[in-house]
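Topology and contacts: notes
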Amino acid sequence: MCFRASWQLKDDIVSFFHEKQCSAECEMLEDTEWVSDFAFFTDLLCHKNNFNVKMQGKNQFNDDIWAHLKAFKLKLNLFAGHLAKNDLSHFSRLNSISSANEEKLKKYEDGLKTLHFEFERRFQDFSAIQTELDILPCLST
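- If you look the protein chain up in an unreviewed UniProt entry, it shows as General transcription factor II-I repeat domain-containing protein 2 from Araneus ventricosus.

**Thoughts on the nonpolar core**
- Counting residues in hydrophobic clusters, the biggest one holds 22 residues, and the most contacted among them are Phe 40, Leu 83, Phe 91, Leu 94, Leu 112 and Phe 119.
- Taken together, the elements giving at least two residues each to this core come down to helix 4 (32–55), helix 5 (62–84) and helix 7 (102–122).
- Sort the elements by how many residues they give to this core and helix 5 lands first, with seven residues.
- Every residue in contact with Phe 91, bar those within four places of it in the chain, is listed here: Phe 40, Asp 43, Leu 44, His 47, Phe 79, Leu 83 and Leu 112.

**Notes on helix 4**
- Given a rise of 1.5 Å per residue, 24 residues ought to cover 34 Å, and the 35 Å separating the end C-alpha atoms of helix 4 matches this to within 8%.
- Of all the positions in helix 4, only Val 35, Ser 36, Asp 37, Ala 39, Phe 40, Thr 42, Asp 43, Leu 44, Cys 46, His 47, Asn 49 and Phe 51 are classed as buried.

**Thoughts on the side chain of Asp 43**
- Assignment of secondary structure puts Asp 43 in helix 4.
- Classification of Asp 43 by relative accessible area gives buried; the value is 2%.
- Beyond its immediate sequence surroundings of up to four residues, Asp 43 is in contact with Phe 91, Ser 92, Arg 93 and Leu 94.

Reading the values: rules and limits
Residues numbered from 1 in each chain as written. Predicted model: local features only at pLDDT ≥ 70, side-chain atom pairs only at ≥ 80, totals over all residues. Heavy atoms only, no water. Core = buried A, V, L, I, M, F, W, Y, C linked by side-chain atoms within 4.5 Å. Buried < 20%, exposed > 50% of the residue type's maximum accessible area, 1.4 Å probe, protein only. Helix = DSSP H or I, 4+ residues; strand = E, 2+ residues; numbered from the N terminus. Contact = heavy atoms within 4.5 Å. Expected span 1.5 Å × (residues − 1).

Dropping the structure here:
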């Protein structure tokens, strides 16, 4: 995916900017705070991309979409909980750098909680009919 490619090209981009003597760009790309944010958002966007692909599958019914949505919201909570314990197992790029301190991880944890809240808010219509959606798979068997 494009997010992984941008992370993989990071060192080549830094080399290019050094060659072209673009000191401001080099400074930004070598800043540990910025690289940490870049790694986290690259990992997060990969997770969101996987969710988006699942939501776009063929022959999906409302209960399928609801299941994907519930699973992603659970993942967001899981990711936030793991970050609270300094567990970066779901964030391979962030884990590959050493600049992620506890303050940064708390910031990312809070960001994941905010994202979870936004999913709850934006998909509240599904939550309102959750009982009916949860019954649908049982009826088809």
